[in-house]
Amino acid sequence: MEANYGLDEMIQNLLEIDDRTWGLYVFSRDILKGRISEEKKLEMIDKAIESGKDYAKKIMDEYDSNDIHFIAKELNLQVDYKDSLLTGKRILFASYTPPDEILIMKEPVELAVKQLSKVNSNLVELFSEHSIMNTILGHELFHFVEDKFEEEIYTKTEKILLWNFFGFKNNSTIRTLGELGAMAFTREINGNKFNPFILDVLLYFSYDSSSARKIYHDVLGMSLGR
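What counts, and at which threshold
- Residues numbered from 1 in each chain as written.
- Predicted model: local features only at pLDDT ≥ 70, side-chain atom pairs only at ≥ 80, totals over all residues.
- Heavy atoms only, no water.
- Helix = DSSP H or I, 4+ residues; strand = E, 2+ residues; numbered from the N terminus.
- Rg over C-alpha atoms; globule rule 2.2 N^0.38 Å.
- Contact = heavy atoms within 4.5 Å.
- Areas by Shrake-Rupley, 256 points an atom, 1.4 Å probe, with all protein chains shown as cover.
- Lys, Arg positive; Asp, Glu negative; His and termini not counted.
- Charge placed at Lys NZ, Arg CZ, Asp CG, Glu CD.
- 1 Å grid on protein atoms, 1.4 Å probe; cavity = no way out; pocket = protein on both sides within 12 Å on 5 of 7 lines; lining within 4 Å.
- Points joined across faces, edges and corners; volume = space filled by probe spheres on them.
- Buried < 20%, exposed > 50% of the residue type's maximum accessible area, 1.4 Å probe, protein only.
- Pairing = 2+ DSSP bridges.
- Axes fitted to C-alpha atoms, helices over the stretch in contact; angles between N-to-C directions.
- Core = buried A, V, L, I, M, F, W, Y, C linked by side-chain atoms within 4.5 Å.

1. What about the overall build of the protein chain?
Here's step 1: Helix and strand counts for the protein chain come out as eleven helices and seven strands.
Here's step 2: Radius of gyration (C-alpha) of the protein chain: 18 Å, near the 17 Å computed for a compact globule of 226 residues.
Here's step 3: Principal-axis analysis of the C-alpha atoms places the extent of the protein chain at approximately 60 × 45 × 35 Å.
Here's step 4: Here the contacts in the protein chain between residues at least 6 apart in sequence split such that 67% fall between residues at least 24 apart.
Here's step 5: On the protein chain, roughly 12,000 Å² of surface is accessible, and the fraction owed to carbon and sulfur atoms is 47%.
Here's step 6: Charge centroids of the protein chain, computed over 27 positive and 38 negative side chains, lie 5 Å from each other.

In structure tokens:
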């Protein structure tokens, strides 16, 4: 039976998880996971993370800034904020809609910070509302960058063959690589002292603590499995 950890203990433990383990966790939810060997997944994880970092540096150099809001403005992105949004049974935290719209939900962030303030004030300093909002914005901004550089960026150019029939081939991009690139990108620009994937647990906890704990145990399971 899984232990029913509190939010602060889960976050503290997740802060110790390395980037490759987070990558394997994201891959475990990918529809194409069965088509990729474990060795290849690790290679892809490393390359996607490196790509995210490289493009963060490229963007910061181009605009001579690490202010994610300034960068979004310079890229002519429309950034809007709403309280919350349900899509079916799922809470939406943020979204990027091509070609230039980013939507961020305020309520999940506000609730997460409020939850943390009840259990661990030190974590509130690390996961402030400002820090979380900037992290989310950076993540979504990367997806715009992916589209802008889709002909060259690794997270778009790396593909796997789905089928080959009489010379007709169907190659597919891998969603996980974009997510890994986005997290590395936003972490580099915002200087996060935490892996942004932790927000999967932190933001869900106020709405569905059971699902948040499942994510937590799934991630730890990846770590133990290695």
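Structure's up, so let's keep going.
2. A short note on the layout of surface pockets
Here's step 1: There is about 890 Å³ of room inside the largest pocket.
Here's step 2: The wall of the largest pocket is formed by 35 residues, among which His 139, Glu 140, His 143, Arg 175 and Glu 179 lie closest to the centre.
Here's step 3: Breaking the lining of the largest pocket down by element, the ones donating at least two residues are strand 3 (90–92), strand 4 (94–97), helix 7 (129–148), helix 8 (154–157), helix 9 (175–190) and helix 10 (199–205).
Here's step 4: With seven residues, helix 7 is the single largest residue contributor to the lining of the largest pocket.
Here's step 5: In this structure, the second largest pocket occupies an estimated 160 Å³ of space.
Here's step 6: Tyr 25, Arg 29, Tyr 204, Ser 211, Lys 214, Ile 215 and Asp 218 together form the lining of the second largest pocket.

3. Side note on unusual backbone geometry
Here's step 1: Residue Pro 99 is bonded to the preceding Pro 98 through a cis peptide linkage, with omega at 10 degrees.
Here's step 2: Relative to the elements of secondary structure, Pro 99 occurs in the loop between strand 4 and strand 5 (101–105).
Here's step 3: A positive phi is found at Asp 64, a non-glycine position, where the angle reads about 50 degrees.
Here's step 4: In this fold, Asp 64 is placed in the loop between helix 3 (38–63) and helix 4 (68–74).
Here's step 5: Given a relative accessible area of 70%, Asp 64 falls into the exposed group.
Here's step 6: Phi angles above zero are rare outside glycine, and Asn 76 is one such case at about 60 degrees.
Here's step 7: By secondary structure assignment, the location of Asn 76 is in the loop between helix 4 and strand 1 (78–82).

4. A closer look at the sheet that holds strand 5
Here's step 1: Spatial ordering of the open sheet is given by 1-5-4, a layout of three strands whose pairing is mixed. Two strands lie at the open edges of the sheet, namely strand 1 and strand 4, each paired on one side alone. Adjacent strand axes in the sheet meet at a mean angle of 15 degrees when their direction is disregarded.
Here's step 2: As defined by bridge partners, strand 1 adjoins strand 5 across five bridges and the pair is classed as parallel. Bridge pairing in strand 5 places Tyr 81 opposite Ile 104.
Here's step 3: Each of strand 1 and strand 5 is contacted by helix 5 (residues 106–119), which is oriented at about 35 degrees to strand 5, the strand it contacts most.

5. Overview of the pairing of strand 5
Here's step 1: The buried fraction of strand 5 is high, at four of five residues.
Here's step 2: Count of turn residues in the strand 4/strand 5 antiparallel hairpin: three residues.

6. Observations regarding the nonpolar core
Here's step 1: Ranked by internal contacts, the top residues of the largest apolar core, which has 71 residues, are Phe 127, Ile 132, Leu 141, Phe 185 and Leu 202.
Here's step 2: Take this core: its biggest share by element is nine residues, from helix 3.

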